[in-house]
Amino acid sequence: GAVVSQHPSRVICKSGTSVKIECRSLDFQATTMFWYRQFPKQSLMLMATSNEGSKATYEQGVEKDKFLINHASLTLSTLTVTSAHPEDSSFYICSAPRPASNTGELFFGEGSRLTVL
Amino acid sequence: GIQVEQSPPDLILQEGANSTLRCNFSDSVNNLQWFHQNPWGQLINLFYIPSGTKQNGRLSATTVATERYSLLYISSSQTTDSGVYFCAVGPGGGNKLTFGTGTQLKVEL
């Protein structure tokens, strides 16, 4: 299957700082990537759709100025949590569609666990 | 938006037992996937199955799209099968997935 890689896998930061998470598609191009968030013992909730060369599309209730998404190339999307606070502590996971296919099968990165102190 | 409900929410099995997990969704879909989330949080793709039946080793899945449900069968369960199983649905074509509520499975010796 297609491989999606995230970095860092874990990050601990102080309240008020900003944290950047990278999502890369390995060996394939992804014009679209999706960012999800998962709180403990809950399901995954879509935060936003990252579009290469254009603005991200955010789901209702997700603050676009707090969660900055940049899809700078066909293999890289970044999520920046700005002025992080303890309530932003969560598991963030990105995904990309299977390349060269219209099925829409999505593959997910390893996830990034953010802890804000 | 589309609603995705999974049952049961929790399941405890003895090693070697079989189980069936269910996923109901509220609207027609062109993409349905089953995932296993391991203890480290990574989502492992199990099946891409918008319709029909597939099998992979001890796992198999069936989706009846006209009746808006999918089933995941686990046979001869092992402790390594423990974790959370999610189904997720979407319109297809590389579009977003909506995740179900999940089934937490624990397989005991």
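So, how was this worked out
Residues numbered from 1 in each chain as written. Chains lettered and ligands numbered in written order. Predicted model: local features only at pLDDT ≥ 70, side-chain atom pairs only at ≥ 80, totals over all residues. Heavy atoms only, no water. Pairing = 2+ DSSP bridges. Helix = DSSP H or I, 4+ residues; strand = E, 2+ residues; numbered from the N terminus. Axes fitted to C-alpha atoms, helices over the stretch in contact; angles between N-to-C directions. Buried < 20%, exposed > 50% of the residue type's maximum accessible area, 1.4 Å probe, protein only. Contact = heavy atoms within 4.5 Å. Salt bridge = Lys/Arg side-chain N within 4 Å of Asp/Glu carboxyl O.

As a further point, take the sheet that holds strand β7 (residues 67–73) of chain A. Residues and elements named next belong to chain A. Ordered by their spatial adjacency, 4 strands build an open sheet running β1-β3-β8-β7, and the pairing between neighbours is antiparallel. In this open sheet, the two edge strands, each paired with only one partner strand, are β1 (3–7) and β7. When strand polarity is set aside, the average angle formed by the axes of neighbouring strands in this sheet is 20°. Relative to strand β3 (residues 19–26), β1 runs antiparallel, the two sharing 5 bridges. Pairing of Q6 across the sheet is with C23, part of β3.

Let's shift gears to the side chain of E105 of chain A. Here E105 of chain A lies in the loop between β9 (90–97) and β10 (106–108). Note on E105 of chain A: relative accessible area 12%, which makes it buried. Excluding residues within four positions of it along the chain, E105 of chain A makes contact with A96, P97 and R98 of chain A together with N31, Q33, N45 and Y48 of chain B.

Another aspect to go through is the pattern of salt bridges. Inspection of every chain in the model, using the stated rule, returns 5 salt bridges over all chains. Across the pair R24 of chain A and E22 of chain A runs a salt bridge, and its minimum N-O distance is 3.5 Å. Given a relative accessible area of 36%, R24 of chain A falls into the partly exposed group. Since its relative accessible area comes to 24%, E22 of chain A is described here as partly exposed. In this structure, D81 of chain B engages R58 of chain B in a salt bridge whose closest nitrogen and oxygen atoms are separated by 2.9 Å. Of this pair, D81 of chain B sits in the loop between β8 (69–74) and β9 (83–90) while R58 of chain B sits in the loop between β6 (52–56) and β7 (59–64), placing them 23 residues apart in sequence. With relative accessibility at 7%, the residue D81 of chain B sits in the buried group.

Keep in mind these values describe shape, not function.
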